[in-house]
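So you can see what is in the structure, the chains are spelled out below.
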Amino acid sequence: MLSIARSNVVDLPTNLSLSYLWCGGFMISVFLVLQVISGVVLSLLYVADVGMSFGCVLGFVGEDLFIWFVRYLHVWGVTFIFVLFLVHMGRSFYYSSYSKLGVSNVGFILYILMMVEAFLGYILPWHQMSYWAATVLTSILQSIPVVGGSLYNFIVGGFGVTNVTLVRVFSAHVCLAFVIMGLSVAHLFYLHSSGSNNPLSVSGGYSDVVLFHSYFTVKDGLVLVCLLFLLGVLLLVSPDYVLGVESYIQADPMVTPVSIKPEWYFLAFYAMLRSVESKVGGLVLVLVFLFLMWLPTFNSSCAYSIGRQFIFWSSCSVFFLLSYLGACHPEFPFVVVSKTSSVLIILFLMSFKGLWLVPYSGGFPLRLMG
C-alpha cells in the first residue's frame, strides 16, 4: 500500500508546466472526503420521515456547535464541489483534455452521478422547495415513452412524492456517495495511466518533469489552505447564504410556491427544460447538451486558435446566462431568451467538438503546434 501511494503521489513524474488550473482534481477529492465524513455524521442523526425530517434538520442548528458546523460544512461543501467541477471541466474543454478517453469518460460519469447525488441530498430536508423541486423534476420521468410510468413508480414508489420516496432517496443518497468515491479512484487510475495533459497540449510533454512531491504538493496545499480559509469565513459570516427562504418552511403538498427553482448548479439545465413546452422536448434538449459535452473528439487546444477561444468563452457566457434565466419566473421575455440560448449553446458545442480536429495516430491525437 505504501509503495502504491508513493508511486502515485510522492514519486509521480509530473510535467513542470502545469498551472494552478490543474489543482482542481485534488481540491475536488478533498471536498468529497469532507462531504462523506460530514454526511456520515449527519446520517446518524437524520430521520427519514415526512413528519419528522424537517424538524430534524432544523434541530441540527440548535443541537450544539459541532453539529451546527457539520451541517453547514455539508451545505457549503456542495457549492464548493460544483464550483471546482465547473473550473475543472472548463480547463478540460479549453485544453482538449477530454481527448484522453478513459479519464474523460469516468470524469463525465462522476459529474452526472454528482448531480444525482446533490439532487437526492436536496430532497432530504423536506422543505417547501425541496418537495416541489422533487415533484416537478420526477414528473418529467412520466413523459418518457413506454417506460416512463414504470420508471416513475420505481423511483418515487407510488403516485406521488411521499414518505416512501423520502426513505428511498435517503438510502440512495448514502450509497451513491461511496460509489462516487470509488469512481474517483478509478478516475485517478486512468489519469496516472495515460498521463496528464499540459498547457501546451504537447503529447510528449513529459520531457521537463519533476516529482509530484514537493513541487506540486506545496502548490496544491496552498490552494487547499486558501479554499478552506474561504470556507471558514463563509461558514462564520453567512452560513445561510446558499439556503433560500423556503428552506425554513416545511413541505406542504397543498401550497405551491410562486416560483419553483432548484439549486444554482441545476439552473442552466432547468432553464433548458422550461424553454420547451413539451416535457419530452425539454428532456431531449438536455440530453443532447450532455451528449455533446461527453462526445469524444480529438481537437487542437484553444491555446492555438483564437476562433476556438471565441466559441469556448461564448459557450461559457451562454451557460451562465441560462443559469440566470433558470432562476427567473417562466414568463416573457425570459422563456424566449432561454429558447434562443439553449439553441445557441447546442450550436456552439457542435462547432467546438466538430471543428479544429487533429489526426489520430497510435492511440493519441497528434498535437498540432502550428
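Per an unreviewed UniProt entry, the protein goes by Cytochrome b and derives from Metorchis orientalis. UniProt's Subcellular location (unreviewed entry) comment on the protein is quoted here verbatim: "Mitochondrion inner membrane". According to the UniProt record, the Function (unreviewed entry) comment for the protein reads "Component of the ubiquinol-cytochrome c reductase complex (complex III or cytochrome b-c1 complex) that is part of the mitochondrial respiratory chain. The b-c1 complex mediates electron transfer from ubiquinol to cytochrome c. Contributes to the generation of a proton gradient across the mitochondrial membrane that is then used for ATP synthesis."

Caption draft 1: A look at the layout of surface pockets. Of the volumes computed, that of the second largest pocket is approximately 970 Å³. For the lining of the second largest pocket, the elements supplying multiple residues, two or more each, are α5 (101–123), α6 (128–139), α7 (148–156), α8 (163–194), α10 (267–274) and α11 (279–294). When residues in the lining of the second largest pocket are grouped by element, the largest group, six residues, is from α5. Its residues assigned to classes, the lining of the second largest pocket comprises 23 nonpolar, two polar and one charged. The residues that make up the lining of the second largest pocket include at least three from each of domain 1 (12–199 + 208–254) and domain 2 (261–361).

Caption draft 2: Layout of the packing of aromatic side chains. Counted by the stated rule, this structure contains 26 aromatic pairs. With 5.4 Å between their ring centres and 70 degrees between their planes, W126 and Y131 make a pair best called edge-to-face. For the residue pair W126 and Y131, the accessibility class agrees, reading buried in each case. Taken together, the aromatic side chains of W22, F93, Y94, Y95, Y98, F312, W313 and F352 make up a single cluster linked through ring pairs. Directly above the aromatic system of W22 lies the positively charged group of R91, at a separation of 4.6 Å from the ring centroid.

Caption draft 3: A look at the side chain of T138. By the element assignment, T138 lies in helix α6. Owing to a relative accessible area of 9%, T138 belongs among the buried residues under this scheme. A distance of 3.3 Å separates the side chain of T138 from the backbone oxygen of T135, its partner in a polar contact. Once you skip the residues sitting within four places of it in the chain, T138 turns out to touch Y152, V156 and V161.

Caption draft 4: Highlighting the nonpolar core. With 97 residues, the main nonpolar core has F82, Y111, F289, M293, L322 and I345 as its most contacted residues. In terms of residues, this core owes the most to one element, helix α4 (residues 65–94), which gives 16 residues. If we skip the residues at most four places from it in the chain, I345 touches M272, F289, S315, V318, F319 and L322.

Caption draft 5: Just the confidence of the model for the protein, in detail. The predicted model of the protein has a mean per-residue pLDDT of 86, with 93% of residues at 70 or higher. Per-element confidence in the protein is highest for helix α12 (residues 306–326), whose mean pLDDT is 94, and lowest for strand β4 (residues 364–365), whose mean pLDDT is 49. Scored below 50 in pLDDT, residues 366–370 makes 16 contacts in the model with residues more than four places away or belonging to other chains.

Caption draft 6: Just the domain arrangement of the protein, in detail. Structurally, the protein comprises domain 1 (12–199 + 208–254) and domain 2 (261–361). Spacing between the C-alpha centres of domain 1 and domain 2 amounts to 22 Å. Taken together, the 30 residues of domain 1 in the interface contact 30 residues of domain 2. For the pair domain 1 and domain 2, the two sides together bury roughly 2,800 Å², of which 73% comes from carbon and sulfur. Of all residues in domain 1, F93, Y94 and Y98 bury the most surface against domain 2, accounting for 24% of the area lost on that side. Linking domain 1 with domain 2 are zero salt bridges. Our count for the contact surface shared by domain 1 and domain 2 stands at nine residue pairs in polar contact (both at pLDDT 80 or more). When residues of the side of domain 1 that touches domain 2 are traced back to their parent elements, those giving at least two are α4, α5 and α6. Split by residue class, the side of domain 1 that touches domain 2 holds 23 nonpolar, seven polar and no charged.

Caption draft 7: Just a nonpolar patch on the surface, in detail. Residues L21, V83, L86, V87, W264 and F320 make up a contiguous nonpolar surface patch of about 490 Å² in total accessible area. Here the nonpolar patch takes three residues from α4, the largest share from any one element. Positionally, L86 belongs in helix α4. What makes L86 partly exposed here is its relative accessible area of 30%.

Caption draft 8: Quick peek at unusual backbone geometry. The amide bond that connects F332 to the next residue, P333, takes the cis arrangement and shows omega of 5 degrees. For P333, the position within the fold is in the loop between α12 and α13 (334–354). Backbone geometry at W126 places phi at a positive 60 degrees, although glycine is not the residue there. With respect to the element layout, W126 can be found in the loop between α5 and α6. At W356, a position not held by glycine, the phi torsion is positive, near 55 degrees. With respect to the element layout, W356 can be found in the loop between α13 and β3 (360–361).

Caption draft 9: Layout of helix α2 (residues 24–43). With 20 residues, α2 ought to run about 28 Å at 1.5 Å a step, and its terminal C-alpha atoms sit 28 Å apart, in line with that. Among all positions of α2, only G24, M27, I28, V30, F31, L32, Q35, V36, S38, G39 and L42 are buried. Buried residues in α2 make contact with α3 (53–63), α4, α5, α8 and α9 (212–237).

Criteria and cut-off values
Residues numbered from 1 in each chain as written. Predicted model: local features only at pLDDT ≥ 70, side-chain atom pairs only at ≥ 80, totals over all residues. Heavy atoms only, no water. UniProt positions renumbered as here; feature names shortened; annotations may be inferred. 1 Å grid on protein atoms, 1.4 Å probe; cavity = no way out; pocket = protein on both sides within 12 Å on 5 of 7 lines; lining within 4 Å. Points joined across faces, edges and corners; volume = space filled by probe spheres on them. Helix = DSSP H or I, 4+ residues; strand = E, 2+ residues; numbered from the N terminus. Nonpolar A, V, L, I, M, F, W, Y, C, P; charged D, E, K, R; others polar. Domains from an automatic or database assignment. Phe/Tyr/Trp six-rings, centres within 6.5 Å; stacked < 30°, edge-to-face > 60°. Buried < 20%, exposed > 50% of the residue type's maximum accessible area, 1.4 Å probe, protein only. Lys NZ or Arg CZ within 6 Å of the ring centre and 35° of its normal. Polar contact = N/O pair within 3.5 Å; in protein donor to acceptor, adjacent residues only side chain to side chain. Contact = heavy atoms within 4.5 Å. Core = buried A, V, L, I, M, F, W, Y, C linked by side-chain atoms within 4.5 Å. pLDDT = per-residue confidence, 0-100. Buried area = accessible area lost by both parts, 1.4 Å probe. Salt bridge = Lys/Arg side-chain N within 4 Å of Asp/Glu carboxyl O. Patch = residues over 30% accessible without salt bridge, like charges linked within 9 Å, V, L, I, M, F, W, Y side chains within 5 Å. Areas by Shrake-Rupley, 256 points an atom, 1.4 Å probe, with all protein chains shown as cover. Expected span 1.5 Å × (residues − 1).

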